[in-house]
Amino acid sequence: MREYLIKRVRTEPGTNSNAEPASLQVDDEGIIQAADDAAEALFGYGILEMQGLPMHQLVASREDNPLMPPLSDALEQGQNALITVRHASGYFFSISLRSATSETSGNTEDAMRIRPRQATPLDTRVFRLAEHSGGIGIWEMDQDYNRLHWSEGLYHLLDLPPGNQLDPEHVLFYFQEHQSQVRQAILQCLRQGEPFSMEVPVLTANQNHRWLRLTGRSLDDSGKRRLIAGSAVDITARRADAHSAQVWKYRTESVMAASNDLIVIMNPELEIVAVNQAYSEAFHAAFGVTPNVGDKMQDLLVDHPEERRLYARLWERAMRQEGFCIEMPLAQSEEQQTVYEVQFNRIFSPGGELLGAAHVGRDKRVAQLDGEDHVHYLNRHDPLTGLLNRREILQRLHRALNLQREAGTPHALMHMDLDGFSTLNARFGSGGCDRYLRELSSMISGRLRHRDAIARVASDQFVVILDNCATEEAVKVCHNLRDAIGGFSFEWRGDTIQTTVSSGLLPLHLVPDAPPEQCLTLAADLCETAKATGPASVNVYRTDEDSSQETATREDLAQLMYAITTDAIELHFQALRPIASATWGDHVEVLARLQREPDDQGRREEELWRPTSFMPLAERFDMGYALDRRVIARALAWLEDNPLMQPRLKMISFNLSTSSLMDESFADEVARQIEASSFEASSFCFEIQEAHACRHPDEARRCAEALRAAGCRIALDAAGVSGQTHNLINDLGARIIKLDESLVQNLADNPLQAIMVEAIHRMALMCEAVTVAPFIEDDATLRKVRELGLHFGQGYRLTAPELLDRLAPPPQPGNRGGLFRARS
């Protein structure tokens, strides 16, 4: 198949030389197979008339035939040819011709062009295809000649064989009770030229019910309006969809009206598409306006800019992500408002198109039980979450073990511990975390089967009995719950509470003779091992020969015990430099580095073990207090060996682990050692992390009081992220406030952080406390800390950690200043 592009050669002035070329497609036999509209105008033929013509009939002579050499050879080489052709009327004219194939060989985008059909006849096959695919039929009525023409599509719409002889009255019969309406519309169009469009039902020849959109208009330009034409389109499916949508709308409105929850549905343009009476009334009470379908939330809250911004953020987030839950009042006023637990969920069409999002707000109030039922319920359930408690889960575990021994039914026990929940508790307080735990418990329960059992056995720990669940399936459930909890978030006062979970899984058939308490302890130990390997970890019980992970943990534990028992501890220090003004004397923070046990050949790893690696293990196995005792004792002994340090040493600081706070004898024992020291008690400082103090307030207060009674100073470490800093300064009697790492990093580039740091600094000044900025790693941070007026700075930009022995006299330049522990 060859395609030629043709332009007429004109010499008259004003001729458009850039006109679109005509196109001819000719087969190898020289027969024209297709021509476009431009070819019709050029040669005087209709497109359908040119199909089938031999090419030689269009040219003036054999030399002008593009299929014959040498002209064909020149065209194949991409050259243009000037030939003489014959018009349908018989006259001759010149054209410029080139091969479209050669032109587009290097540019495939030009191989096909879209051109208007204009007035060229339409192939009947294309017409039939259009009618069939579009469910359409065409009709014409010529009253002057008393003719009514139908296309094949209109016969199909009425289930009639094409060509069937019908009179107009017979046709109107298919419109049933709408006959007079259709007749009147056609007569009005004939007599007055009024176009019409209507949707009417028909009963076809095969007794099928259809809906048609019937249209008509006058085509006579003479003013007599005797010729009219129109179409009939099958709209049955659209009408059915609209009816179904209307039914679901009524059902949805009925359900919403029957609910006391606050329900509103928005489309992606944030327009209300459905709202129930409860929401309308509550919204009107809060803002003084009533939301209706079609209203935009931004317009309703135009007089409430704070809520306007908040609602816009919430609804935009609801359109972007999976369902989430927040707790908030409708209006953010200072007046007492009802707080609702609000669930947002996206709505999709069956094809995956986002239709909008739904908001369901519930004033959650748990009905109180009375009498013996209430007592029985409390004995078996956790009062915060409504889950089973430890006592009840042990009873159910006992029954599961008996059933397994009797019937061989496999069960699995899963212990879950939320990662970093103490940090969340310190940051959001018990109010936010309690509500988070309730929502999280509800989500977990919804993902378990009814025959499974779940209990809350500690503040951040859960136990699940998977009934009749083999090991492989239990592992899948464990991973699915881990992913679900990691993806779950709870909105609390404009912030998000979210964490991960670590789990230990115990297939009960592997410990058939173990009592319930032992199984629970073993599952908890597996969970602890999982937490030691990192957040969101899962640890499955295995036999010893397959448990490489457990072996590695035991090896690290052995190394930790070796360092503590053999005193394989290197003491380092990092100095603190004065920022606001010059301060004489050494302020140092003691750092611990552990040496590993030599191998069988007596070789020891050169790299020391840092706190970021060994402290989680020490805390997990309750060995932090033993490590703290060794570090403090070693530092006190070093000071006694260097009495010349006494006039220079202004402060030496130690960090306390959680287990040291929990040990009632620790503070008294340290106080006795300091009293026996030749150094002033006020030169000793003990750091208590803010997160630890929030999680264990009574223990932290007791430890701080005992150390202050001995004359020591207390530092509040990692301060500023819990929102409880001002309370803890007073509760602990802290006189040194050491900022959290997150407040110092990128301080120079974050104005909000700078405001928070300045606020904490001012709070410290009011309490006559000293502020410390740790983790100063660059000049920009140092300049910002100095600008904010903080008293001391610490970090690699100022001084790097060194061996404690290098602090001994004679003093070296650069060793003045210093305080506290570096987390490196």
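Computed from a predicted structure; not experimentally measured.

Visitor: Even after reading the chapter, I still don't get the overall build of the chain, so can you show me in this structure?
Guide: Secondary structure assignment for the chain yields 28 helices and 32 strands. Scored against the burial criterion, the 824 residues of the chain give a buried share of 45%. In the chain, 60% of the contacts between residues at least 6 apart in sequence involve partners at least 24 apart. As displayed, the chain offers around 42,800 Å² of accessible surface, 49% of which is attributable to carbon and sulfur atoms.

Visitor: Would you mind going over the sheet that holds strand S3 (residues 32-35) with me for this structure?
Guide: Within a sheet, neighbouring strands are paired by backbone hydrogen bonds and run either parallel or antiparallel to one another. Strand order in this open sheet of 5 strands is S3-S2-S1-S5-S4, and the pairing throughout is antiparallel. Looking at strand neighbours, the two that pair on one side only are S3 and strand S4 (81-86), the edges of this open sheet. This sheet shows a mean twist of 35° between the axes of neighbouring strands, independent of strand direction. Looking at chain direction, S4 and strand S5 (residues 92-99) are connected through 6 bridges and run antiparallel. By the bridge assignment for S5, Ile83 is matched with Ile95.

Visitor: Just checking my understanding: could you explain the sheet that holds strand S17 (residues 453-458) for this structure?
Guide: Here 5 strands make up an open sheet; going across it, the order is S17-S18-S16-S21-S22 and the pairing mixed. Single-partner strands in this sheet number two, and they are S17 and strand S22 (538-540). When the angles between neighbouring strand axes are averaged without regard to direction, this sheet yields 20°. Both strand S16 (residues 412-418) and strand S21 (residues 501-507) contribute to a ladder of 7 bridges, which runs antiparallel. The residue of S21 that forms the bridge with Met414 is Leu505. The strands touched by helix H15 (residues 421-446) within the sheet are S16, S17 and strand S18 (461-466), with S16 carrying the most contacts at an inclination of about 150°. Taken strand by strand, helix H17 (residues 516-532) contacts S16, S18, S21 and S22, and its axis lies near 140° from that of S21.

Visitor: What should I look at first to understand the side chain of Ser537 in this one?
Guide: Its place among the elements puts Ser537 in the loop between H17 and S22. Relative accessible area serves as the criterion here: at 13%, Ser537 is assigned to the buried category.

Visitor: Any chance you could explain the nonpolar core here in plain terms?
Guide: In summary, soluble globular proteins display a tendency toward joint burial of nonpolar side chains. Leu560, Phe654, Phe684, Phe686, Ile688, Leu707 and Ile737 are the most contacted members of the largest nonpolar core, which has 77 residues in total. At 7 residues, helix H20 (residues 624-641) tops the list of elements feeding residues into this core. If near-sequence neighbours (up to four positions away) are discounted, Leu560 is found in contact with Leu594, Trp609, Phe614, Leu617, Ala618 and Met623. Leu418, Cys433, Met443 and Leu481 belong to the second largest nonpolar core, which has 35 residues in total.

Visitor: Help me understand the pattern of salt bridges in this model?
Guide: Side chains carrying opposite charge are able to pair once their charged atoms draw close together. If you walk through the whole model with that rule in mind, you get 32 salt bridges. The closest approach of N and O atoms between Arg239 and Glu199, which form a salt bridge, is 3.0 Å. In this pair, Arg239 sits in helix H9 (residues 236-258) while Glu199 sits in strand S8 (residues 196-203), placing the two residues 40 residues apart along the sequence. One salt bridge connects Arg427 with Asp495, and the closest N-O pair in it is separated by 2.8 Å.

Visitor: Is there a simple way to explain the packing of aromatic side chains in this structure?
Guide: Aromatic ring pairs are described here by two measures, namely the spacing of the ring centres and the angle between the planes. Taken as a whole, this structure holds 14 aromatic pairs when the rule is applied. Between Phe173 and Tyr174 the ring centres are 6.1 Å apart and the planes differ by 65°, which places this aromatic pair in the edge-to-face class. Both rings, one in Phe287 and one in Tyr311, keep their centres 6.3 Å apart while their planes meet at 85°; by these two values the pair is edge-to-face. One end of the pair, Phe287, is in helix H10 (residues 277-287); the other, Tyr311, is in helix H12 (residues 305-320), with 24 residues separating them in the sequence.

Visitor: Any chance you could explain unusual backbone geometry here in plain terms?
Guide: The phi angle of most residues is negative, glycine excepted, and most peptide bonds adopt the trans form. Along the chain, Pro69 connects to Pro70 via a cis peptide bond; the corresponding omega equals 0°. Unusually for a residue other than glycine, Gln207 sits at a positive phi of about 65°. With a relative accessible area of 53%, Gln207 lands in the exposed category. Look at Ala718: it is not a glycine, yet its phi comes out positive at around 50°.

Visitor: Would you mind showing me how to read the pairing of strand S2 (residues 22-26) here?
Guide: Put simply, side chains in a regular strand alternate between the two faces of the sheet. With 4 of its 5 residues buried, S2 lies for the most part within the structure. Sheet topology note: the strand S1 (residues 2-8)/S2 ladder contains 5 bridges and is antiparallel. Its bridge partner lying in S2, Glu3 is registered against Gln25. Relative to S3, S2 is paired through 3 bridges, and the arrangement is antiparallel. Across the sheet, residue Leu24 finds its bridge partner in S3, namely Ala35.

Visitor: Help me understand the pairing of S5 in this model?
Guide: Residues Phe93, Ile95, Leu97 and Ser99 point to one face of S5 and are all buried, whereas Phe92, Ser94, Ser96 and Arg98, pointing to the other face, are not buried. Inspection of the sheet shows S1 paired to S5 by 5 bridges, in the antiparallel sense. Bridge pairing links Tyr4 to Ser99 in S5. As consecutive antiparallel partners, S4 and S5 are separated by 5 residues, and within that stretch Gly90 has a phi angle of approximately 110°, a positive value.

Visitor: What exactly am I supposed to notice about H17 here?
Guide: Along an α-helix, residues three or four positions apart point the same way, because every turn accommodates 3.6 residues. Between its first and last C-alpha, H17 extends 25 Å over 17 residues, near the 24 Å set by a 1.5 Å rise per residue. Those residues of H17 lying buried are Pro516, Cys519, Leu520, Ala523, Leu526, Cys527, Thr529 and Ala530.

Visitor: Help me understand the environment of Ala318 in this model?
Guide: Relative to the elements of secondary structure, Ala318 occurs in helix H12. Contact partners of Ala318, with chain neighbours within four places excluded, come to Phe324, Phe344, Arg346 and Ala357.

Visitor: Just checking my understanding: could you explain a nonpolar patch on the surface for this structure?
Guide: On the surface, a nonpolar cluster with roughly 290 Å² of combined accessible area is contributed by Leu752, Ile755 and Met756. Within the secondary structure layout, Leu752 lies in helix H27 (residues 751-766).

Visitor: Before we go on, may I ask you to explain the environment of Phe488 in this structure?
Guide: Structurally, Phe488 can be placed in the loop between helix H16 (471-487) and strand S19 (490-492). A sequence separation of 163 residues divides Phe488 from Cys325, and the C-alpha atoms of the two residues are 8.9 Å apart. Apart from the residues lying within four places of it in its own chain, the contact partners of Phe488 are Tyr436, Glu439, Leu440, Met443, Ile497 and Gln498.

Visitor: Explain the state of the cysteines here, please?
Guide: Any covalent bond linking the sulfur atoms of two cysteines counts as a disulfide. One pass over the structure, following the stated rule, counts 0 disulfides. Its sulfur unpaired, Cys478 is 8.9 Å from the next cysteine sulfur, which belongs to Cys527. According to the relative accessible area criterion, Cys478 is buried, its value standing at 0%.

Visitor: Please clarify how the confidence of the model for the chain should be interpreted in this entry.
Guide: Do not read the fine detail of predicted coordinates wherever pLDDT is low. Looking at the chain, the pLDDT average stands at 84 and 88% of residues meet or exceed 70. Per-residue pLDDT stays below 50 along residues 814-824; that stretch engages in 75 contacts with residues further than four places along the chain or on separate chains.

Visitor: I would appreciate a short explanation of the packing of helix H22 (residues 666-675) against helix H24 (residues 697-709) in the present structure.
Guide: Helices that pack against each other are described as a pair by the angle of their axes relative to one another and the distance between those axes. It is at 9 Å that the axes of H22 and H24 come closest, and there the two elements cross at 15°. One element, H22, and the other, H24, form an angle in the roughly parallel class. In the crossing of H22 with H24, the sense of the turn from one axis to the other is right-handed. Together, Ala667, Asp668, Val670 and Ala671 of H22 and Cys703, Ala706 and Leu707 of H24 make up the contact between the two elements. Partitioning the contact of H22 with H24 into residue classes produces 6 nonpolar, no polar and 1 charged.

Visitor: In this structure, what is going on with the environment of Thr500? I would like to understand it.
Guide: For Thr500, the location among the structural elements is in the loop between strand S20 (495-497) and S21. With a relative accessible area of 25%, Thr500 lands in the partly exposed category. For the pair Thr500 and Gly420, spaced 80 residues apart in sequence, the C-alpha separation works out to 8.0 Å. Sequence-distant contacts of Thr500, that is, excluding residues within four places in its chain, are made with Asp417, Leu418, Asp419, Gly486, Pro535 and Ala536.

Visitor: Can you help me understand the packing of H20 against H22 in this one?
Guide: Where H20 meets H22, the closest approach of the two axes is 11 Å, and the angle between their N-to-C directions is 5°. Judged by the inter-axis angle, H20 sits roughly parallel to H22. Between H20 and H22, the residues in contact are Tyr625, Asp628, Arg629, Ile632, Ala633 and Leu636 and Phe666, Glu669, Val670 and Gln673, respectively. Of the residues contributing to the contact of H20 with H22, the split by class is 6 nonpolar, 1 polar and 3 charged.

So, how was this worked out
Residues numbered from 1 in each chain as written. Predicted model: local features only at pLDDT ≥ 70, side-chain atom pairs only at ≥ 80, totals over all residues. Heavy atoms only, no water. Helix = DSSP H or I, 4+ residues; strand = E, 2+ residues; numbered from the N terminus. Buried < 20%, exposed > 50% of the residue type's maximum accessible area, 1.4 Å probe, protein only. Contact = heavy atoms within 4.5 Å. Areas by Shrake-Rupley, 256 points an atom, 1.4 Å probe, with all protein chains shown as cover. Pairing = 2+ DSSP bridges. Axes fitted to C-alpha atoms, helices over the stretch in contact; angles between N-to-C directions. Core = buried A, V, L, I, M, F, W, Y, C linked by side-chain atoms within 4.5 Å. Salt bridge = Lys/Arg side-chain N within 4 Å of Asp/Glu carboxyl O. Phe/Tyr/Trp six-rings, centres within 6.5 Å; stacked < 30°, edge-to-face > 60°. Expected span 1.5 Å × (residues − 1). Patch = residues over 30% accessible without salt bridge, like charges linked within 9 Å, V, L, I, M, F, W, Y side chains within 5 Å. Disulfide = S-S within 2.5 Å. pLDDT = per-residue confidence, 0-100. Parallel < 35°, antiparallel > 145°, perpendicular 65-115°, else oblique. Left-handed = near helix turned anticlockwise from the far one by under 90°. Nonpolar A, V, L, I, M, F, W, Y, C, P; charged D, E, K, R; others polar.

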